[in-house]
Amino acid sequence: MSRIVVQKFGGSSVGDVEKIRKVAQRVKARRDEGWQLVVVVSAMGDTTDELLTLARQVSADPPRRELDMLLTCGERISMALLSMALLELGVPAISFTGSQSGIITDDAHSQARIVEVKPARIEAALAAGRVVIVAGYQGVSRGREVTTLGRGGSDTSAVALAAALQADCEIYSDVDGIFTADPRVVPSARKLESISPEEMQELASAGAKVLNAQAVEFAREHGIVIHAKSTHTAGSGTRIEATPGAQGRVRGVTCEADVWGFCVPGAPDALLAFLDEHQVRPRSVAFDVEGRTLVLVPLQDVHGPEALRARLPATVSVLDELATVTCVGAGLHADGLVVRRALGVARTCGAPVRALHSSALQLTLVTAREQARPLTKALHEALVG
């Protein structure tokens with residue numbers, strides 16, 4: 001019996017018709033080696049952003065249910081075109097939406113979590129010798145509502161299907177694996193041959209764009225090894241799997257350049273309840289240099305930010321020109337030297353630290369938006385080398 005591999009191709013990999021044809025040829029070559037394939041695709045290029053722009057031209061705060069109905073169109077376009085391209089190559093293929101693939105989620109529109117996968121139709125199609133193309137980023141709730149999985153959700157679709165099918169999982173993007181920093185920000189960044197799921201999850205949560213944090217969490221819980229590879233080259237990529245790491249060693253540095261900080265003078269209970277009511281998930285809670293509680297939220301996770309700002313309680317202020325720079329590695333919270341060195345680096349490069357947050361796996365400095373890239377580069381040079 002052939003082994004199954006789940007492959008995921010991101011939006012840049014299927015950005016136009018010619019790229020879709022190249023992906024089809026790559027899939028065909030893998031099938032010719034004797035593999036059964038399930039291929040998860042994102043929306044083409046900037047399609048999701050274009051659909052979001054359309055929605056915001058109609059509404060400053062688009063209803064999340066209707067936004068899900070709109071945004072899932074992007075992946076459906078990609079899945080159908082890739083299936084057509086494979087059929088043109090003589091490869092039997094069939095495309096499925098998330099719901100047709102059996103991806104069951106909770107009811108949280110725009111940031112749903114997968115609760116179960118029932119891949120009966122996929123298994124039947126594989127048994128019939130077909131390559132299965134799946135629209136990523138989407139599922140269906142038990143109430144039969146179409147849902148989306150949040151930014152990078154196609155990664156989660158792929159990992160969840162790999163777990164359900166007991167398959168290998170390969171995530172393809174423009175870069176050959178996971179680097180110690182974004183090479184576009186830090187040209188000296190090095191590729192990691194392997195990284196633990198915990199460290200990768202922290203990097204993804206802090207703004208690294210190569211993999212989705214929920215996908216990594218799902219893989220860790222289900223024992224799935226993810227292989228991050230390049231669509232365009234034959235490099236070795238990076239394996240995301242349980243690996244022993246050196247305590248107190250910084251494995252990577254990443255930044256998120258558009259972050260809102262919701263400030264309250266005391267305990268954040270009421271603010272957190274307000275954000276939960278408006279389906280806004282904070283990334284972290286810190287304390288700023290003035291002793292106020294600072295709830296950090298990546299702006300790209302907020303639908304209708306100005307509408308949200310207008311509804312804020314009078315006791316809450318917004319710092320809307322912030323960025324976070326995060327160092328990730330096991331045991332960083334227990335190494336005071338790393339914290340001292342990071343603060344020293346920030347002072348040296350003229351990046352005032354507005355707040356600081358640390359945990360067992362990460363150290364996050366909150367600074368001004370324009371300082372995000374210079375501070376990322378400086379911290380990488382000092383702490384990664």
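Right, let's walk through the structure included here. Note that the structure is a prediction, hence the values are computed from the model and not measured.

### Quick notes on the overall build of the chain
Stage number 1. Check the secondary structure of the chain and you find 11 helices and 20 strands.
Stage number 2. A compact globule built from 385 residues should have a C-alpha radius of gyration of about 21 Å, and the chain, at 21 Å, falls within 12% of that.
Stage number 3. For the chain, the spread of C-alpha atoms along the three principal axes comes to 65 × 45 × 35 Å.
Stage number 4. Long-range pairs, those at least 24 residues apart, make up 76% of the contacts in the chain with a sequence separation of at least 6.
Stage number 5. Split by element, the accessible area of the chain, about 16600 Å² in all, is 52% carbon and sulfur.
Stage number 6. Averaged over its 41 positive side-chain charges, the chain has a centre that lies 4 Å from the centre of its 44 negative ones.

### Looking at the sheet that holds strand 16 (residues 284–288)
Stage number 1. One closed barrel holds the 6 strands; their spatial order is 15-17-16-19-20-18, and the pairing between them is antiparallel. Averaged over all pairs of adjacent strands, the angle between strand axes in this sheet comes to 35 degrees, irrespective of strand direction.
Stage number 2. In the sheet, strand 19 (residues 355–358) pairs with strand 20 (residues 362–368) via 4 bridges, with the strands oriented antiparallel. In the strand pairing of strand 20, Leu-356 is matched with Leu-365.
Stage number 3. Relative to the sheet, helix 6 (residues 197–205) contacts strand 15 (252–264), strand 18 (317–328) and strand 20, its axis offset from that of strand 15 by approximately 55 degrees.
Stage number 4. Of the strands in this sheet, strand 15 and strand 17 (293–298) are in contact with helix 8 (residues 269–277), which crosses strand 17 at around 20 degrees.

### A closer look at helix 1 (residues 17–32)
Stage number 1. If you check helix 1, its first and last C-alpha atoms are 22 Å apart, about what 16 residues at 1.5 Å a residue would give, namely 22 Å.
Stage number 2. Elements that come into contact with the buried residues of helix 1 comprise strand 1 (4–9), strand 2 (36–41), helix 3 (64–88), strand 6 (131–135) and strand 9 (168–173).
Stage number 3. If you check the start of helix 1, you find a side-chain oxygen 3.2 Å away from the backbone N of Glu-18, and it comes from Asp-16.
Stage number 4. Positive phi shows up at Gly-34, right after helix 1, with a value of about 105 degrees.

### So, unusual backbone geometry
Stage number 1. A positive phi angle, close to 75 degrees, is found at Tyr-137, a residue other than glycine.
Stage number 2. Position of Tyr-137 relative to the elements: it lies in the loop between strand 6 and strand 7 (138–141).
Stage number 3. The class of Tyr-137 is buried, set by a relative accessible area of 10%.
Stage number 4. Its identity as a non-glycine residue notwithstanding, Gln-166 has a phi of 55 degrees, on the positive side.

### Section: the sheet that holds strand 5 (residues 114–117)
Stage number 1. Ordered in space as 5-4-7-8, the 4 strands form an open sheet in which the pairing is mixed. The open sheet has two edge strands with one neighbour each: strand 5 and strand 8 (146–148). Neighbouring strand axes in the sheet, compared pairwise and without regard to direction, differ in orientation by 45 degrees on average.
Stage number 2. Two elements, strand 7 and strand 8, share 3 bridges in a ladder whose sense is antiparallel. Residue pairing in the sheet places Gly-139 in a bridge with Thr-147 of strand 8.
Stage number 3. Strand contacts of helix 5 (residues 153–165): strand 4 (103–105), strand 5 and strand 7, with the helix running at about 40 degrees to strand 5, the strand carrying the most contacts.

### Notes on the packing of helix 10 (residues 336–348) against helix 11 (residues 372–384)
Stage number 1. Between helix 10 and helix 11, whose axes approach to 10 Å, the crossing angle comes to 135 degrees. Viewed along their axes, helix 10 and helix 11 adopt a mutual orientation that is oblique. The hand of the helix 10/helix 11 crossing is right-handed. For the pair helix 10 and helix 11, the contacting residues are Val-338, Arg-341, Ala-342, Val-345 and Ala-346 in the first and Leu-375, Ala-378, Leu-379, Ala-382 and Leu-383 in the second.

### As for the pairing of strand 6
Stage number 1. Of all the 5 residues making up strand 6, 5 are buried; the element is thus mostly covered by neighbouring parts of the structure.
Stage number 2. Alternating residues of strand 6 divide into Val-131, Ile-133 and Ala-135 and Val-132 and Val-134, and every residue in both groups is buried.
Stage number 3. In the sheet, strand 3 (residues 93–96) pairs with strand 6 via 4 bridges, with the strands oriented parallel. Opposite Ala-93, over in strand 6, you have Val-131 as the bridge partner.

### A few points about the pattern of salt bridges
A side chain with one charge can pair with a side chain of the opposite charge if their charged atoms come near.
Stage number 1. What the rule picks out here adds up to 23 salt bridges.
Stage number 2. The residue Arg-151 makes a salt bridge to Glu-256 at a minimum N-O spacing of 3.4 Å. Residue Arg-151 is found in the loop between strand 8 and helix 5, and its partner Glu-256 is found in strand 15; the two are separated by 105 residues along the sequence.
Stage number 3. Residue Arg-151 is classed as partly exposed on the basis of its relative accessible area of 32%.
Stage number 4. Judged by relative accessible area, which is 3%, Glu-256 ranks as buried.
Stage number 5. We note a salt bridge from Arg-184 to Asp-182, for which the minimum N-O separation is 3.0 Å.

### Structural notes on the environment of Glu-217
Stage number 1. Its location among the elements puts Glu-217 in helix 7 (residues 213–222).
Stage number 2. Measuring from C-alpha to C-alpha, the distance between Glu-217 and Leu-52 comes to 27 Å, with 165 residues separating the pair along the chain.
Stage number 3. Ignoring sequence-local partners within four residues, the contact set of Glu-217 consists of Arg-113 and Gln-201.

Criteria and cut-off values
- Residues numbered from 1 in each chain as written.
- Predicted model: local features only at pLDDT ≥ 70, side-chain atom pairs only at ≥ 80, totals over all residues.
- Heavy atoms only, no water.
- Helix = DSSP H or I, 4+ residues; strand = E, 2+ residues; numbered from the N terminus.
- Rg over C-alpha atoms; globule rule 2.2 N^0.38 Å.
- Contact = heavy atoms within 4.5 Å.
- Areas by Shrake-Rupley, 256 points an atom, 1.4 Å probe, with all protein chains shown as cover.
- Lys, Arg positive; Asp, Glu negative; His and termini not counted.
- Charge placed at Lys NZ, Arg CZ, Asp CG, Glu CD.
- Pairing = 2+ DSSP bridges.
- Axes fitted to C-alpha atoms, helices over the stretch in contact; angles between N-to-C directions.
- Expected span 1.5 Å × (residues − 1).
- Polar contact = N/O pair within 3.5 Å; in protein donor to acceptor, adjacent residues only side chain to side chain.
- Buried < 20%, exposed > 50% of the residue type's maximum accessible area, 1.4 Å probe, protein only.
- Parallel < 35°, antiparallel > 145°, perpendicular 65-115°, else oblique.
- Left-handed = near helix turned anticlockwise from the far one by under 90°.
- Salt bridge = Lys/Arg side-chain N within 4 Å of Asp/Glu carboxyl O.

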